[in-house]
Amino acid sequence: MNDFQYIRINIEEQIAVIELNRPHVLNALNRNMVMELVQAMEMHDRDDDVRVIVLTGRGRAFAAGADIDEMASDDSITLELLNQFADWDRLALIKKPTIAAVHGFALGGGFELALCCDLLFASETAEFAFPEVNIGVMPGAGGTQRLTKLIGKTKALEWLWTGERMSAKEAYELGIVNRVVAPELLLEETMRFARKLAKQPPLSVRFIKEAVHKAVDYSIYEGMQFERKNFYLLFSSEDQKEGMRAFIEKRKPHFQGR
Ligand code: CAA
């Protein structure tokens, strides 16, 4: 399971915990690390024994952004031909629920990575920022888009233009973060929630995720049509039969993801 160089993986109780593992550079995201991350996420997405994916960072940060050393001497054509952000696009296509557990810095690409996840649990020590502007660039892995969709144009511009750091509390108040917890409880609380999610019927969880993501881009009418199709589709599942039968028989359902 740990054939990777830049990430570590641990699976327990149907939850895959992926840990970014370059602590000496605050988990700066080099291209190989992102490739490994995509590979691992897609592998768990296809694995029936995994129901939730948790992403966290080893050491004192979640991730301090893209690896500046790696990209400092790149030119535009190199970047265009590398097309590295195609890997990031794949991260956003993961169908299972993903939760970022963030402590310390989540900067630039690190913040973008956390925003790629469905839910975000933060330690009280977490700090979020898009500091790209301070080094003469801008976010390239979805930061301007995802932050704006989450908190609106006015607030997003403020954070993106200044590159200032926001505390976990500010991120919570802006609706970026689901929970803020004491540092020593971050993983425990995240896992507690993940375990709850892992017990929910996987197909419902999957189709709800798909429908909610559509709500971000679709008109309300298109979104409703999409939701409806997913609702109908669930009536082909054994879990729908089991869930409703269990309700009628007044017992706990046993969901299998089929
Ligand atoms: N890339 C490469 N190395 C990084 C890094 C990064 N993004 N962030 C930190 N490091 C390295 C440092 O160079 C340092 O390495 P050495 O010990 O070999 O010198 C090590 O991690 C520890 O960092 P510091 O000594 O700087 O630790 P600190 O506590 O004093 O400061 C920090 C921490 C404020 C996060 C500071 O390291 C920093 O500002 N990092 C850069 C943050 C940044 O600009 N991120 C955006 C990158 S661009 C991007 O992400 C583009 C995109 O959209 C994809």
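Residues numbered from 1 in each chain as written. Predicted model: local features only at pLDDT ≥ 70, side-chain atom pairs only at ≥ 80, totals over all residues. Heavy atoms only, no water.

Digging into the packing of aromatic side chains
The relative placement of two aromatic rings is captured by the distance of their centres and the angle of their planes.
Stage number 1. In the structure shown here, the tally under the stated rule is six aromatic pairs.
Stage number 2. Taking the centre distance of 5.5 Å and the plane angle of 55° together, the rings of Phe-121 and Phe-193 count as tilted. With a gap of 72 residues between them, Phe-121 in strand E6 (residues 119–123) and Phe-193 in helix H9 (residues 186–199) connect regions that are remote in the sequence.
Stage number 3. By relative accessible area, which is 22% here, Phe-193 ends up partly exposed.
Stage number 4. With a centroid separation of 6.2 Å and 85° between ring planes, the pair formed by Tyr-218 and Phe-226 is classed as edge-to-face. (Phe/Tyr/Trp six-rings, centres within 6.5 Å; stacked < 30°, edge-to-face > 60°. Helix = DSSP H or I, 4+ residues; strand = E, 2+ residues; numbered from the N terminus. Buried < 20%, exposed > 50% of the residue type's maximum accessible area, 1.4 Å probe, protein only.)

Notes on the site of the ligand
Stage number 1. Near the ligand you find 22 residues, and of these Arg-60, Ala-66, Ile-68, Gly-109 and Glu-112 are the closest.
Stage number 2. Between the ligand and the protein, one listed contact pairs an oxygen atom with a side-chain N or O atom of Arg-60 at 3.0 Å.
Stage number 3. The separation between a nitrogen atom of the ligand and a polar main-chain atom of Ile-68 is 2.9 Å.
Stage number 4. Within the complex, 64% of the 970 Å² of free accessible area of the ligand lies under protein.
Stage number 5. Of all the secondary-structure elements, those providing two or more residues to the shell around the ligand are helix H2 (68–71), strand E5 (105–107) and helix H5 (109–116).
Stage number 6. Along the lines of polarity and charge, the residues of the shell around the ligand split into twelve nonpolar, five polar and five charged. (Near = heavy atom within 4 Å. Polar contact = N/O pair within 3.5 Å; in protein donor to acceptor, adjacent residues only side chain to side chain. Areas by Shrake-Rupley, 256 points an atom, 1.4 Å probe, with all protein chains shown as cover. Nonpolar A, V, L, I, M, F, W, Y, C, P; charged D, E, K, R; others polar.)

Points about unusual backbone geometry
Stage number 1. Its identity is not glycine, yet Gln-14 carries a phi of approximately 65°, on the positive side.
Stage number 2. Tracing the sequence through the fold places Gln-14 in the loop between strand E1 (7–12) and strand E2 (15–20).
Stage number 3. Owing to a relative accessible area of 30%, Gln-14 belongs among the partly exposed residues under this scheme.
Stage number 4. Non-glycine residue Asn-83 carries a positive phi angle of around 50°.
Stage number 5. Relative to the elements of secondary structure, Asn-83 occurs in the loop between helix H3 (76–82) and helix H4 (85–91).

Section: the nonpolar core
Stage number 1. Ranked by size, the top nonpolar core spans 47 residues in total, and within it Phe-128, Leu-147 and Ile-176 carry the most contacts.
Stage number 2. Counting residues per element, this core draws most heavily on helix H1 (residues 31–46), which supplies six residues.
Stage number 3. Those residues in contact with Ile-176, other than ones at most four positions away along the chain, are Phe-111, Leu-115, Leu-120, Leu-147, Leu-150, Ile-151, Met-166 and Ala-171. (Core = buried A, V, L, I, M, F, W, Y, C linked by side-chain atoms within 4.5 Å. Contact = heavy atoms within 4.5 Å.)

Structural notes on the domain arrangement of the protein
Stage number 1. Domains assigned within the protein are domain 1 (7–198) and domain 2 (202–248).
Stage number 2. Computed over C-alpha atoms only, the centres of domain 1 and domain 2 are separated by 27 Å.
Stage number 3. The partner domain 2 presents eight residues to the nine residues of domain 1 that form the contact.
Stage number 4. Surface buried jointly by domain 1 and domain 2 totals about 730 Å² across both partners, of which 49% is contributed by carbon and sulfur atoms.
Stage number 5. When the buried surface of domain 1 facing domain 2 is broken down by residue, Lys-95, Asp-118 and Lys-149 rank first, second and third, together holding 59% of it. (Domains from an automatic or database assignment. Buried area = accessible area lost by both parts, 1.4 Å probe.)

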